[in-house]
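Spelled out from the first residue to the last, the chains are:
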Amino acid sequence: MKKIAVLISIALVLLIFTAVFPSNIYSNPSNSYSVNSITTRTLTFEASGLPYNDNFTVHIDGKNYFSVGGNLTITGLSPENYNFTISVPPLYSSNITSESVNLTLHNQIVKFTVFPANSQVGYLVAISIVVTISILLVFTYVYVRRKNQ
């Protein structure tokens, strides 16, 4: 009879212990997760060749994000596929202007290069040459006309 009382006492102590401290027996904090929690992702943009103190803009999901120098990190994105566009300063171009990135599995880094826009620089050079030749022709005409008078 004494043995049964001891066994019942031990069973009651264990029952009370598990009721008061359920996490000590049934939960492993290192493996715990919530089924309802939403995982977020980070998308980082890194520009090389961007002039000092110039910034770029990324348009994604209807919002504009502005860089600080050559880097931009967007946090809190849900794990899905995103389309984005990159805008660089005037007179510059980028090797990536519009693209898609998949954040379903992990964070992503988009690296791109910024360089002077050759077509715009060429246009400015062509305008400068035309203006210089025009000025030289006007001065030559005036000089020849005065010399003949």
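Conventions adopted
Residues numbered from 1 in each chain as written. Predicted model: local features only at pLDDT ≥ 70, side-chain atom pairs only at ≥ 80, totals over all residues. Heavy atoms only, no water. Pairing = 2+ DSSP bridges. Helix = DSSP H or I, 4+ residues; strand = E, 2+ residues; numbered from the N terminus. Axes fitted to C-alpha atoms, helices over the stretch in contact; angles between N-to-C directions. Core = buried A, V, L, I, M, F, W, Y, C linked by side-chain atoms within 4.5 Å. Buried < 20%, exposed > 50% of the residue type's maximum accessible area, 1.4 Å probe, protein only. Contact = heavy atoms within 4.5 Å. Polar contact = N/O pair within 3.5 Å; in protein donor to acceptor, adjacent residues only side chain to side chain. pLDDT = per-residue confidence, 0-100. Phe/Tyr/Trp six-rings, centres within 6.5 Å; stacked < 30°, edge-to-face > 60°.

**Considering the sheet that holds strand β1 (residues 41-48)**
Here is step 1 of the chain: Here four strands make up an open sheet; going across it, the order is β4-β1-β8-β6 and the pairing mixed. Where the open sheet ends on each side, the last strands, each with one partner, are β4 (71-77) and β6 (92-94). In this sheet, neighbouring strand axes are inclined to one another by 20° on average, regardless of whether the strands run parallel or antiparallel.
Here is step 2 of the chain: Here β6 runs beside strand β8 (residues 108-116); their pairing, made up of three bridges, is antiparallel. Its bridge partner being in β8, Ser94 is matched across the sheet by Val114.

**Quick word on the nonpolar core**
Here is step 1 of the chain: By size, the foremost hydrophobic cluster in this structure holds 19 residues, and its most contacted members are Leu43, Phe45, Phe56, Val58, Phe84, Ile86 and Phe112.
Here is step 2 of the chain: Discounting residues that sit within four places of it in the chain, Leu43 has contacts with Ile60, Leu72, Thr73, Ile74, Leu77, Val101, Leu103, Gln108 and Val110.

**Looking at the sheet that holds strand β3 (residues 63-66)**
To summarise the sheet geometry, strands pair through backbone hydrogen bonds and adopt either a parallel or an antiparallel arrangement.
Here is step 1 of the chain: Pairing is antiparallel in the open sheet, where four strands are placed in the order β3-β2-β5-β7. Either end of the sheet is taken by a strand with one partner, and the two such strands are β3 and β7 (98-102). Between one strand axis and the next, the sheet turns through 30° on average, direction left out of account.
Here is step 2 of the chain: For strand β2 (residues 57-60) and β3, the ladder comprises four bridges, and the chain directions are antiparallel. Counterpart to Val58 in the pairing with β3 is Tyr65.

**Looking at the environment of Asn83**
Here is step 1 of the chain: Note that Asn83 resides in strand β5 (residues 81-87).
Here is step 2 of the chain: When its relative accessible area of 57% is taken as the criterion, Asn83 is described as exposed.
Here is step 3 of the chain: Ignoring any residue separated from it by four or fewer positions in sequence, one finds Asn83 in contact with His59, Ile60, Asp61, Glu99 and Ser100.
Here is step 4 of the chain: One polar contact links Asn83 to Ser100, side chain to side chain, over a distance of 3.4 Å.

**Topic: the confidence of the model for the protein chain**
Here is step 1 of the chain: Averaged over every residue, the pLDDT of the protein chain is 78; residues scoring 70 or more account for 69%.
Here is step 2 of the chain: Overall, residues 20-37 carries pLDDT values under 50, and its contacts beyond four positions in sequence, including any with other chains, amount to four contacts.

**A word on the packing of aromatic side chains**
Here is step 1 of the chain: Applying the stated criterion across every chain, the model contains two aromatic pairs.
Here is step 2 of the chain: Where Phe45 meets Phe84, the ring centres are 5.1 Å apart and the plane angle is 75°; that geometry is what we call edge-to-face. Here Phe45 is found in strand β1, whereas its partner Phe84 is found in strand β5, with 39 residues between them in sequence.
Here is step 3 of the chain: Among the residues examined, Phe84 registers a relative accessible area of 1% and is labelled buried.
Here is step 4 of the chain: Between the aromatic rings of Phe56 and Phe112, the centroid separation amounts to 5.0 Å while the plane-to-plane angle is 90°, which identifies the pairing as edge-to-face. Taken together, the residues Phe56 in the loop between β1 and β2 and Phe112 in strand β8 connect sequence positions 56 residues apart.
Here is step 5 of the chain: Look at Phe56 and you get buried, because its relative accessible area is 1%.
Here is step 6 of the chain: For Phe112, a relative accessible area of 2% translates into the label buried.

**Considering the environment of Thr104**
Here is step 1 of the chain: Counting through the fold element by element, Thr104 comes out in the loop between β7 and β8.
Here is step 2 of the chain: The class of Thr104 is partly exposed, set by a relative accessible area of 37%.
Here is step 3 of the chain: Contact partners of Thr104, with chain neighbours within four places excluded, come to Arg41, Pro79 and Glu80.
Here is step 4 of the chain: Within the structure, the side chain of Thr104 is placed 2.7 Å from the side chain of Asn102, a separation counted as a polar contact.

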